[in-house]
Amino acid sequence: MMALHFRGVVLPDGRERDLWVVNGRVRTRPAPDATTVSDRGYLVPGLVDAHCHVGVGPSGPVDLAEAEEQAIADRDSGVLLIRDCGSPLDTRPLQERLDLPRIIRAGRHIARPRRYIRYLGVDLEDPALLPAAVAEQAAQGDGWVKLVGDWIDRTQGPAADLAPLWPDDVLAEAVRVAHEAGARVTAHVFGEDALPGLLAAGIDCIEHGTGLTDDTIAEMASRGTALVPTLINIENFPSIADSADRFPTYAAHMRDLHARVRDTIGRAVEAGVPVYAGTDAGGGIKHGRIVDEILALREVGMSAEQAIGAASWAARRWLGWPTLDDGDPADFVVYDTDPRDDLKVLREPARIVLRGRVVR
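Predicted, not measured: the structure shown is a model, and the values here were computed from it.

## Some points on the overall build of the protein chain
Secondary structure assignment for the protein chain yields 13 helices and 21 strands. On C-alpha atoms alone, the protein chain measures out to a radius of gyration of 21 Å, which is about the 21 Å that the 2.2 N^0.38 rule sets for 360 residues. Expressed as lengths along the three principal axes of its C-alpha atoms, the size of the protein chain is roughly 70 × 35 × 35 Å. For the protein chain, buried positions account for 57% of its 360 residues.

## So, the confidence of the model for the protein chain
Per-chain confidence: the protein chain averages 97 in pLDDT, with 100% of residues scoring 70 or above. For the protein chain, per-element mean pLDDT is lowest for strand 8 (residues 60-61), which scores 94, and highest for strand 18 (residues 226-228), which scores 99.

## Concerning the sheet that holds strand 9 (residues 79-84)
If you trace the three strands from one edge of the open sheet to the other, you get 6-9-10, paired in parallel fashion. What marks the edges here is a single partner per strand, and that holds for strand 6 (47-52) and strand 10 (102-105). Averaged over all pairs of adjacent strands, the angle between strand axes in this sheet comes to 15°, irrespective of strand direction. As paired elements, strand 6 and strand 9 share four bridges and run parallel to each other. Bridging across to strand 9, L47 finds its partner in V79.

## Remarks on the packing of aromatic side chains
The relation between two aromatic rings is expressed through the spacing of the ring centres and the mutual angle of the planes. For the coordinates displayed, the defined rule picks out six aromatic pairs. Both rings, one in F190 and one in F237, keep their centres 4.7 Å apart while their planes meet at 70°; by these two values the pair is edge-to-face. Of this pair, F190 sits in the loop between strand 16 (184-189) and helix 5 (195-200) while F237 sits in helix 8 (residues 237-242); the two residues are 47 residues apart in sequence, bridging distant segments of the chain. Given a relative accessible area of 0%, F237 falls into the buried group. Plain terms: the ring middles of Y276 and W318 are 4.3 Å apart, the flat faces sit at 5° to each other, and that makes the pair stacked. With Y276 in the loop between helix 10 (261-271) and helix 11 (290-299) and W318 in helix 13 (residues 313-318), this residue pair connects regions lying 42 residues apart in the sequence. Residue W318 is classed as buried on the basis of its relative accessible area of 14%. Among the aromatic side chains, those forming a connected cluster through ring pairs are Y116, W151, F190 and F237. Across from the ring centre of W144, 4.6 Å away, lies the NZ or CZ of R83, which sits over that ring.

## Quick notes on unusual backbone geometry
Outside of glycine, negative phi angles account for most residues, and trans bonds account for most peptide bonds. Cis geometry marks the peptide bond from L11 to P12; its omega dihedral reads 15°. The topology assignment puts P12 in the loop between strand 1 (4-10) and strand 2 (15-22). Its identity as a non-glycine residue notwithstanding, R114 has a phi of 60°, on the positive side. By the secondary structure assignment, R114 is in the loop between strand 11 (109-111) and strand 12 (121-123). Judged by relative accessible area, which is 65%, R114 ranks as exposed. Its identity as a non-glycine residue notwithstanding, D280 has a phi of 65°, on the positive side. Among the secondary structure elements, D280 is positioned in the loop between helix 10 and helix 11.

## Some remarks on helix 10
Considered for burial, the residues of helix 10 that qualify are V261, T264, I265, G266, A268 and V269. Buried residues along helix 10 sit in contact with strand 17 (205-208), helix 6 (214-223), strand 18, helix 7 (231-234) and helix 9 (248-259).

## Some remarks on the pairing of strand 2
As paired strands, strand 1 and strand 2 are joined by seven bridges and run antiparallel to one another. Counterpart to H5 in the pairing with strand 2 is W20. Counted between consecutive antiparallel strands, the loop separating strand 1 from strand 2 contains four residues, among which G14 sits at a positive phi close to 80°. Of the pairings in the sheet, the one linking strand 2 to strand 3 (residues 25-27) comprises three bridges and is antiparallel in character. Counted as the bridge partner of W20 is R27 from strand 3. Between strand 2 and strand 3, which pair antiparallel one after the other, the connecting turn spans two residues, and N23 there sits at a positive phi close to 55°.

## Structural notes on the nonpolar core
Formed by 98 residues in total, the largest nonpolar core has its most connected members in I110, L130, L147, I206 and L227. Sorting elements by how many residues they give to this core places helix 11 first, with six residues.

## Regarding the environment of G55
Relative to the helices and strands, G55 resides in the loop between strand 6 and strand 7 (56-57). Excluding its chain neighbours within four sequence positions, the residues that come into contact with G55 are G60, P61, V62, A67, Q70, S87, P88 and L89.

## So, the layout of surface pockets
Once rolled over the atoms, a probe with the size of a water molecule shows which space is left empty. The space that makes up the largest pocket amounts to roughly 900 Å³. Along the walls of the largest pocket sit 34 residues, with Y116, I117, W151, F190 and I240 positioned nearest its centre. If you list the elements that add at least two residues to the lining of the largest pocket, you get strand 7 and strand 14 (150-152). Residue composition of the lining of the largest pocket, grouped by class: 13 nonpolar, 14 polar and seven charged. Space inside the second largest pocket adds up to approximately 180 Å³. Lining of the second largest pocket is provided by L231, I232, E235, V261, R262, R289, D292, L295, A296, E299 and V300. At the level of elements, helix 7, helix 10 and helix 11 are the ones that each hand at least two residues to the lining of the second largest pocket.

About the cut-offs
Counting from 1, residues in each chain are numbered in the order their sequence is written. In keeping with the model being predicted, local features are shown solely for residues with a pLDDT of at least 70 and side-chain atom pairs are shown and tallied solely at 80 or more, while totals for entire chains, interfaces and linings include all residues. The side-chain numbers reported here are obtained from all heavy atoms of the structure, hydrogens and water having been left aside. Each helix is a run of H or I in the DSSP string that is no shorter than four residues. Each strand is a run of E no shorter than two, and both are numbered from the N terminus. In this treatment the radius of gyration is a C-alpha quantity, and the globule benchmark scales as 2.2 Å times the residue count to the 0.38 power. To sort residues, take the accessible area from a 1.4 Å probe on protein chains only and compare it with the maximum for the residue type: under 20% means buried, over 50% means exposed, and anything in between is partly exposed. For every residue, the pLDDT score states the predictor's confidence, bounded by 0 at the bottom and 100 at the top. Here, a strand pair is defined by DSSP locating no fewer than two bridges between the strands. Note on method: axes are straight lines fitted to C-alpha atoms, helices fitted across the in-contact stretch only, with angles between N-to-C directions ranging 0 to 180 degrees. Two rings from Phe, Tyr or Trp (for Trp, the six-membered ring) form a pair when their centres are within 6.5 Å of each other. A pair whose planes differ by under 30 degrees is stacked, one over 60 is edge-to-face, and the rest are tilted. Should the NZ of a Lys or the CZ of an Arg lie within 6 Å of a ring centre and within 35 degrees of the ring normal, that charge is described as sitting over the ring. Any two residues whose heavy atoms approach within 4.5 Å are treated as being in contact. Here, the term nonpolar core denotes a set of buried Ala, Val, Leu, Ile, Met, Phe, Trp, Tyr and Cys residues that are joined through side-chain atoms within 4.5 Å. Of the two site types, the cavity is a set of points on a 1 Å grid over the protein atoms alone where a 1.4 Å probe fits but cannot get out, and the pocket is an open set with protein on both sides within 12 Å along at least five of seven lines, each lined by residues with an atom within 4 Å of a point. Grid points are joined across faces, edges and corners, and a volume is the space filled by probe spheres set on the points. When residues are sorted by character, Ala, Val, Leu, Ile, Met, Phe, Trp, Tyr, Cys and Pro go into the nonpolar class, Asp, Glu, Lys and Arg into the charged class, and all the rest, Gly among them, into the polar class.

Spelled out as structure tokens, the structure:
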């Protein structure tokens, strides 16, 4: 393979450096006869969408061809690493493609009957079966398991609201089983009530987190529990509420969560909760919108550099992936100007390098 040469300011250290790409990896020493691809600009470790659903569309599961198009849209936005946060589609064939983002799979969502979106998850009639289901999904995924932590309980009629799906003792056992299998556990949570049990069980991450309180924020900060707020998806809460006129308590709750989401997530950032960027692409959110999520994180109180890091170097380290040191996989994005000065620069990659190849 031909050696490639790049020169530019490398983030996050901010130093101007020369990087060479040889056999798909970064080298910091010169490579003979390398072709210079870029001799200026800003080099950012490949962007990360830490909450994404490759294989899910607005109407539910999609086929592999459509999932491929989703992955291409993510790649062309600069996303080179995806934590796929639950999908009914076996996307392992996409992992073999050298031109598509790396995918960390979480298997299928684990839920209860009529307590999540139809056809996406594994529905357990008996909540006591959760630890066994977690063991199964841990074996099928790439080190992550996704639970549905709360959802509307329609059996309560007009008083229906968001409610936890799992007893606390079952959650604790399920998380223990996952950890023994070498997997981490995350959970979809909109409301307040499911959070204490999930955190006490030792869960590794919370998705959305719109119901966080001062107490649960403090608990997450103390434990180092990660948060992926999917802010651009939270913008759908008013329309969800509008479609739930049969359940006025739930609708009012969703509107309230939406109204205070900036304050909620801002307090989590300020408290030191590790926060990462995820779009929740799939379903109602189009793929390729990671920059919108970065901008939203900036609006809730992150600095520009923190917001980029939440979708790049910080997220990569959290997921166990390297950045741009000697010997690291050559996955990075080149920008003509400094994205720390204007985050909208992230919308216009000059070069995208994946597995040592210039893919765009």
